[in-house]
Amino acid sequence: MAASSSSSGERHGVGRSPNRLAAEHSPYLLQHAYNPVDWYPWGEEAFEKARRKDVPIFLSIGYSTCHWCHVMEVESFENDEIAKILNDGFVSIKVDREERPDVDKVYMTYVSALYGGGGWPLSVFLSPNLKPLMGGTYFPPDDKYGRPGFKTILRKVKEAWETKRDALEKTGNVVIKQLRDALSAKASSQDMPNDLAVVSVDNCVEKLAGSYDPKFGGYGSAPKFPRPVENCVSESQNIMKMITHTLQCMARGGVHDHVGGGFHRYSVDECWHVPHFEKMLYDQGQIANVYLDTFLITGDEYYSSVARDILDYLRRDMIGEEGEIYSAEDADSAEYDGAPRKREGAFYVWTNKEIEDTLGENSELFKNHYYVKSSGNCDLSRMSDPHDEFKGKNVLIERKQASLMASKCGKSVDEYAQILGDCQHKLFDVRSKRPRPHLDDKVIVSWNGLAISAFARASQILKSEPTGTRFCFPITGCNPEEYLGVAEKAARFIKEKLYDSSSNRLNHSYRNGPAKAPGFLDDYAFLINGLLDLYEYGGKIEWLMWAAHLQDELFLDKQGGGYFNTPGEDPSVLLRVKEDYDGAEPSGNSVAAINLIRLSSIFDAAKSDGYKCNVEHLLAVFQTRLRELGIALPLMCCAADMLSVPSRKQVVLVGNKESTEFRDMVAATFSTYDPNRTVIQIDPRNTEEMGFWESNNAIIAQMARSSPPEKPAVAHVCQDFKCSPPVTSADALRVLLNKTVAAATSSAAA
């Protein structure tokens, strides 16, 4: 975590002319627009030059909030000597991995397969026909500690290209062929084996339990990444204890921004204390959903308050004027205006004196609560600050629960929480005057889809918070329905700016206009998931119609099963992969599987059977991995478990959607946790809605027509091919749903 350069895209080289990257929209590419390196963006101009000059390509991949990307820029790409070597002997290409995840996937897979690990910055040398020759991640500029530096590597690659070219190219061709074969798995059967759900879930739970950290929560040791997909596998009492303990440790740790809300990327130590300070949108959406689910399961508003904390941070700092949700905030920032360099965490850390000067009489209470020390507090683990970069600085962490600390101070929990909130607000105001970290204002469809899901779900789930729940800064404490407006506005931005209705195609990202890259599987799958949540929780038929329209066969392998990550239309992308790993982001195949299951319970038999066939075929493709390494595919394990349920529960709400009775009925529906439930909202007076259901599910249309017109809200609950008698009050619906959840649980246990 060394000091790094500017990360906001401003010029570093005074008096230098810009290179080709100055014409790009990506914040990451713009950061390198004044490097002395003769950079090219990914494209035919660069490829043609490499072929014409008969020189290798140096490909550098990163993203604008990447700390070590900034370090390598300062050390190497701002270095005139290194730039001359690159300019004389290579064609240099710079790629934003968030803008072109398809390109990144090819070469990250290569580096990970050959060298046992990957990461960013990714540094790969290619032949002019784009086959990889060798690669790695961050390289220091000079030889050090027995390891070759970047200058040495450049000279060795140039020498090898001139003397061993045939062998290098042959190896690259072989590796790409092997990867292509390995990453485009096909199913021997189109049916999911009967035991797959039980075996995969049991295997996944066993492996997670085996790696669980009972002291600090989470799985494994340092560094610790929030991996929300790990928390979706089971509701068993044993697993829920692990999940709740992990979520509490995360929320109390420094990986959580106690002053501004939201979560940092990961913790460098095992106790969730000192984070890598960047904030990524894909983390916020997923983590918020896990806290929402845990609130529903436990009834503890502690978890709902953390979900609000995340969503309020996004609303305040990460949303544009038209509703678009931005990608990330950098880890690095200047310690003061005019500072010559930036440092990781500068915006977020505190000295003891700063806190005393800001908080006055409440400083001791605050310091005791957040483990603030005059010498700095990054001493909880040898991994927290091995190079003393945060000496004298404090990363706020709650080591004990607020209730215990309040009792020790002789204050009520509410009074104590209010004091902490007031202190946080004062520190927030002070922090706001510091130079801010760079904001990557690129809009990525897939990540917006994850956030749309969280905002939509929060709009109903948070209505189950106890009456009179108090909120303290940085939580706004808004009416939950305000979150629905955020979700709808973000979805509308994507529909208007990044979607072509004539071709039914998405673009992947937007900044000053749509990027050149097409939408990828993750964009479609994550957005469809968000749109289904927008419909189920918000009730507008347009979102369901769009979700169904997007669920076409652009990425589907009709013969082999499963989905490829790209449309396969760009010849410069050498691998078309079927991804299954549920990591920091879930795999597109896992999310697509769940989308298909959800859609199958909405449409009539003809469409439903097609969706089920596709998801069975998909799970058959990955059955070996599910059986043997379920811990790598936890969300896909959930999909297998969902598909194994004989009949998903349908809750069909019919009536006047604007009425209080109908709104109460919707809130009651989402007051319990039930992943095997589909909610359909329909107003029989709405001709567009009725037309949709007449065309796509005549049974639902008949339910709507037959509901008593004098009743503002009627609920039909159907499962196992039968429906309970309709109910007309929220309380009656709540009782009915609790009965059906209990029955399903006891049936599963049997």
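Residues numbered from 1 in each chain as written. Predicted model: local features only at pLDDT ≥ 70, side-chain atom pairs only at ≥ 80, totals over all residues. Heavy atoms only, no water.

- Where an unreviewed UniProt entry is consulted, the protein appears under the name Spermatogenesis-associated protein 20-like TRX domain-containing protein, with the organism given as Oryza barthii.

**Points about the sheet that holds strand 17 (residues 649-655)**
Backbone-to-backbone hydrogen bonds pair the strands of a sheet. The strands run either parallel or antiparallel.
Moving on, step 1. Strand order in the open sheet formed by four strands is 18-17-19-20, and the pairing between neighbours is mixed. In this open sheet, the two strands that pair with only one neighbour each are strand 18 (677-682) and strand 20 (722-723).
Moving on, step 2. Here strand 17 runs beside strand 19 (residues 713-719); their pairing, made up of six bridges, is antiparallel. Across the sheet, the residue bridging to V652 is H716, located in strand 19. (Pairing = 2+ DSSP bridges. Helix = DSSP H or I, 4+ residues; strand = E, 2+ residues; numbered from the N terminus.)

**Some words on helix 5 (residues 101-115)**
Moving on, step 1. Taking 1.5 Å of rise per residue, the 15 residues of helix 5 would be expected to cover 21 Å, and the 20 Å separating its terminal C-alpha atoms lies within 8% of that figure.
Moving on, step 2. If you check which residues of helix 5 are buried, you get D102, V103, D104, V106, Y107, M108, T109, Y110 and V111.
Moving on, step 3. Those residues of helix 5 hidden inside the fold are in contact with strand 2 (57-62), strand 3 (91-96), strand 4 (122-126), strand 5 (132-136) and helix 7 (165-182).
Moving on, step 4. G116, located one to two residues past helix 5, shows a positive phi value of around 80°. (Expected span 1.5 Å × (residues − 1). Buried < 20%, exposed > 50% of the residue type's maximum accessible area, 1.4 Å probe, protein only. Contact = heavy atoms within 4.5 Å.)

**A short note on the nonpolar core**
Moving on, step 1. Counting 170 residues, the largest nonpolar core has F150, Y291, L619 and W693 as its most contacted members.
Moving on, step 2. When residues in this core are grouped by element, the largest group, 11 residues, is from helix 18 (residues 521-538).
Moving on, step 3. Composition of this core by domain shows at least three residues from each of domain 1 (20-184) and domain 3 (649-749).
Moving on, step 4. In this structure W693 touches Y535, I541, L544, I602, I680, I682, A698, I700 and A701, once residues within four positions along its chain are discounted.
Moving on, step 5. With 29 residues, the next largest nonpolar core counts F47, I93, V175 and I176 among its residues. (Core = buried A, V, L, I, M, F, W, Y, C linked by side-chain atoms within 4.5 Å. Domains from an automatic or database assignment.)

**Here we look at empty space enclosed by the protein**
Moving on, step 1. What the rule picks out here adds up to three cavities of 30 Å³ or more.
Moving on, step 2. Its volume calculated, the largest cavity comes out at about 100 Å³.
Moving on, step 3. Every residue lining the largest cavity is counted, 13 residues in all, and those nearest its centre are H256, D257, H258, Y348 and L396.
Moving on, step 4. In this model, the second largest cavity occupies a volume close to 80 Å³.
Moving on, step 5. If you list the elements that add at least two residues to the lining of the second largest cavity, you get helix 18 and helix 20 (588-600).
Moving on, step 6. Top element by residues in the lining of the second largest cavity is helix 18. It accounts for four residues.
Moving on, step 7. The residue makeup of the lining of the second largest cavity, split by class, is nine nonpolar, two polar and one charged. (1 Å grid on protein atoms, 1.4 Å probe; cavity = no way out; pocket = protein on both sides within 12 Å on 5 of 7 lines; lining within 4 Å. Points joined across faces, edges and corners; volume = space filled by probe spheres on them. Nonpolar A, V, L, I, M, F, W, Y, C, P; charged D, E, K, R; others polar.)

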